Amino acid sequence: MIRSRKAIIVGAGIAGLAAALRLRQIGWEPMVFERAPARRTGGYVLHLSGLGYEAAERLNVLAELRDRHFGATDLVFVKPDGRQRFSAAGRDAQALLGERNLNLLRGDVESVLYEAVRDQVDIRFGADLQTIEQDAVGVRAVFADGNTENADLLVGADGRHSKVRDLLFGPEEDFRRDLDHVVAAFMLDRLPASVRERAFTSLATPGRTLSILNLDEDRTAAIFAYRTSDPATELASGPVQALSSRYGDLGWVVPDLLDQLRRSESVHFDSGSEISLGRWSRQRVVLLGDAAWLMPIYAGYGASLAIGGADRLGTMLADARDEIPAALHTWETALRPEARKRQKVGRRNTRWQIPSTPFHLLLRDVPLRIATSTPAARLRRLLPA
Ligand SMILES: Cc1cc2nc3c(=O)[nH]c(=O)nc-3n(C[C@H](O)[C@H](O)[C@H](O)COP(=O)(O)OP(=O)(O)OC[C@H]3O[C@@H](n4cnc5c(N)ncnc54)[C@H](O)[C@@H]3O)c2cc1C
């Protein structure tokens, strides 16, 4: 009788849960180990497209994700005092993106994957990976509580500050490229007065932006991004102090947002960076998602490639029989051009999304104004998708 193969997956984010689902599909026995004591919720807003959308279809979670898709929201660009500069109808913005993409909360993507996999896979919270050992026949992981697990494969899906990557290849600083900005994203407990409902409202001044996305009366997300040549110092001061000092001179709803930030239980506050590694695997250990190929957030593709990468990893392993290291090598060779391309797009978008001077701000707005102008929008509606 052929024994089913075991995988240890470190991290229950989008990459880890997608990998667990895919490995179950091909008959493996994955186990997921998550450091956090419980599941996260909320997070921030993301688009799912490309390989991620295709993989969601194959993983049979597209219908559930579609149910959480919050559709197209109007775009509103405002001046620092909140007066409108210009706006675009949500359906026109959506038409620019095409049909095969979804707007979702990160927490909703994780929930859908978690619900799909929870009855088939052992998922342990409060499990903090400490060490890995591997040889020609297997891999062993030791966790902080002393628990030891053995498997045929270990998937490091433990995010941008990956411990698995540290153990495999060395410290993050050796592979991280900072893109001279800092991002803070969190959920608001209420929509500030004077901000339009069901809209993506965006304010940009040279070197800093802030956006508020209202989905419904219970869900509003905020994202701040600003340029800095010293992200480490900004991060060390923490989100409240850093954002207060960078945005504190602005009026409109900014004091309200900073107030809500102080009360927020969960804030993503990190540098805008990317990770580039020469290899994503070593023998029986493979990195997946941000741990492997962290991309600029303005690539808008990290979650998509995490799901797409997990899907393709499963396909490769299903065909691999006993040649796991060779399958990992083939998988990463095929996926690497996509990751590189998306990182490049992300770097370019970052320059455009956080304009550094009034001139760059103007340059950013021209194509947006044209693309969303009434004649262009009408024409697009006449063309096939
Ligand atoms: C503001 C913002 C906007 C974004 N927008 C988009 C978008 O529009 N489209 C898109 O596709 N992507 C987007 N992304 C990127 C996307 O969210 C990420 O690429 C994706 O969520 C990464 O998932 P992951 O599972 O690789 O990592 P993570 O979500 O970081 O998950 C890693 C998990 O591993 C756990 N862990 C860490 N260390 C250990 C350890 N030692 N032991 C056990 N567990 C551990 C962590 O607790 C965590 O749960 C955006 C990101 C941000 C910040």
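Colleague: Before we move on, could you go through the overall build of the chain and cite the residues and values that matter?
Modeller: Along the backbone of the chain there are 14 helices and 18 strands. At 21 Å, the chain has a C-alpha radius of gyration in line with the 21 Å of a compact globule built from 385 residues. The principal-axis extent of the C-alpha atoms belonging to the chain is close to 70 × 50 × 35 Å. Once local pairs closer than 6 in sequence are excluded, the contacts in the chain between residues at least 24 apart make up 71%.

Colleague: Can you explain the nonpolar core? Please cite residues and give values.
Modeller: Membership of the largest hydrophobic core comes to 78 residues, with the highest contact counts inside it found for Leu65, Leu153, Leu154, Trp293 and Leu317. By residue number, the principal contributor to this core is helix H1 (residues 14-25), which donates eight residues. Beyond its immediate chain neighbours, meaning those up to four positions away, Leu153 contacts Lys6, Ala7, Ile8, Trp28, Val139, Arg284, Val286, Leu317, Ile324 and Leu328. Counting residues in hydrophobic clusters, the runner-up holds 24 residues, among them Leu203, Leu243, Tyr247 and Val254.

Colleague: Hey, could you go over the packing of helix H8 (residues 239-247) against helix H9 (residues 254-263) for me, with residue numbers and the actual values?
Modeller: Close contact between H8 and H9 brings their axes to 10 Å; oriented N to C, the two are set at 170°. By the angle between their directions, the pair H8 and H9 is classed as roughly antiparallel. Where H8 approaches H9, its residues Pro239, Val240, Leu243, Ser244 and Tyr247 are matched on the opposing element by Val254, Leu258, Leu261 and Arg262. Here the contact of H8 with H9 is composed, by residue class, of seven nonpolar, one polar and one charged.

Colleague: Tell me about the packing of helix H2 (residues 50-58) against helix H11 (residues 302-318), and please be specific about residues and values.
Modeller: As a packed pair, H2 and H11 sit with axes 7 Å apart at the nearest point and diverge in direction by 50°. Comparing the axis directions of H2 and H11 gives the class oblique. The crossing of H2 and H11 is left-handed. Residues Leu51, Gly52, Ala55, Ala56 and Arg58 of H2 lie in contact with H11, whose contacting residues are Ser304, Leu305, Ile307, Gly308, Asp311 and Arg312. Residues belonging to the contact of H2 with H11 are distributed by class as follows: five nonpolar, three polar and three charged.

Colleague: How would you explain the sheet that holds strand E9 (residues 139-143) if you had to name every residue and give the values?
Modeller: A sheet is described by the order of its strands in space; here three strands give the open sequence E8-E9-E10, paired in antiparallel fashion. Strands at the two margins of the open sheet, each flanked by one partner only, are strand E8 (129-134) and strand E10 (148-151). The sheet shows a mean angle of 20° between the axes of neighbouring strands, direction not considered. Bridge count between E9 and E10: four bridges; the pairing is antiparallel. Residue pairing across strands places Ala141 opposite Glu149, the latter belonging to E10.

Colleague: A description of the environment of Gln94 should follow, citing residues and the corresponding values.
Modeller: Along the chain, the position of Gln94 falls in helix H4 (residues 90-97). Residues contacting Gln94, with those up to four places away along its chain left out, are Gly71, Ala72, Asn101 and Asn103.

Colleague: Tell me about a nonpolar patch on the surface, residues and numbers included.
Modeller: Together, Phe359, Leu362, Leu363, Val366 and Ile370 line one region of the surface with nonpolar side chains, adding up to about 510 Å² of accessible area. Checked against the element boundaries, Phe359 lands in helix H13 (residues 358-371). A relative accessible area of 53% means that Phe359 is categorised as exposed.

Colleague: Please give an account of unusual backbone geometry that cites residues and values.
Modeller: Even without glycine at this site, Asp180 takes up a positive phi of about 60°. Tracing the backbone shows Asp180 in strand E12 (residues 176-188). Residue classification places Asp180 among the partly exposed positions, given a relative accessible area of 38%. Here Ser194, not a glycine, exhibits a phi torsion of approximately 80°, which is positive. Along the chain, Ser194 falls in the loop between E12 and strand E13 (199-205). We classify Ser194 as exposed; its relative accessible area is 63%.

Criteria and cut-off values
Residues numbered from 1 in each chain as written. Predicted model: local features only at pLDDT ≥ 70, side-chain atom pairs only at ≥ 80, totals over all residues. Heavy atoms only, no water. Helix = DSSP H or I, 4+ residues; strand = E, 2+ residues; numbered from the N terminus. Rg over C-alpha atoms; globule rule 2.2 N^0.38 Å. Contact = heavy atoms within 4.5 Å. Core = buried A, V, L, I, M, F, W, Y, C linked by side-chain atoms within 4.5 Å. Buried < 20%, exposed > 50% of the residue type's maximum accessible area, 1.4 Å probe, protein only. Axes fitted to C-alpha atoms, helices over the stretch in contact; angles between N-to-C directions. Parallel < 35°, antiparallel > 145°, perpendicular 65-115°, else oblique. Nonpolar A, V, L, I, M, F, W, Y, C, P; charged D, E, K, R; others polar. Left-handed = near helix turned anticlockwise from the far one by under 90°. Pairing = 2+ DSSP bridges. Patch = residues over 30% accessible without salt bridge, like charges linked within 9 Å, V, L, I, M, F, W, Y side chains within 5 Å. Areas by Shrake-Rupley, 256 points an atom, 1.4 Å probe, with all protein chains shown as cover. Salt bridge = Lys/Arg side-chain N within 4 Å of Asp/Glu carboxyl O.

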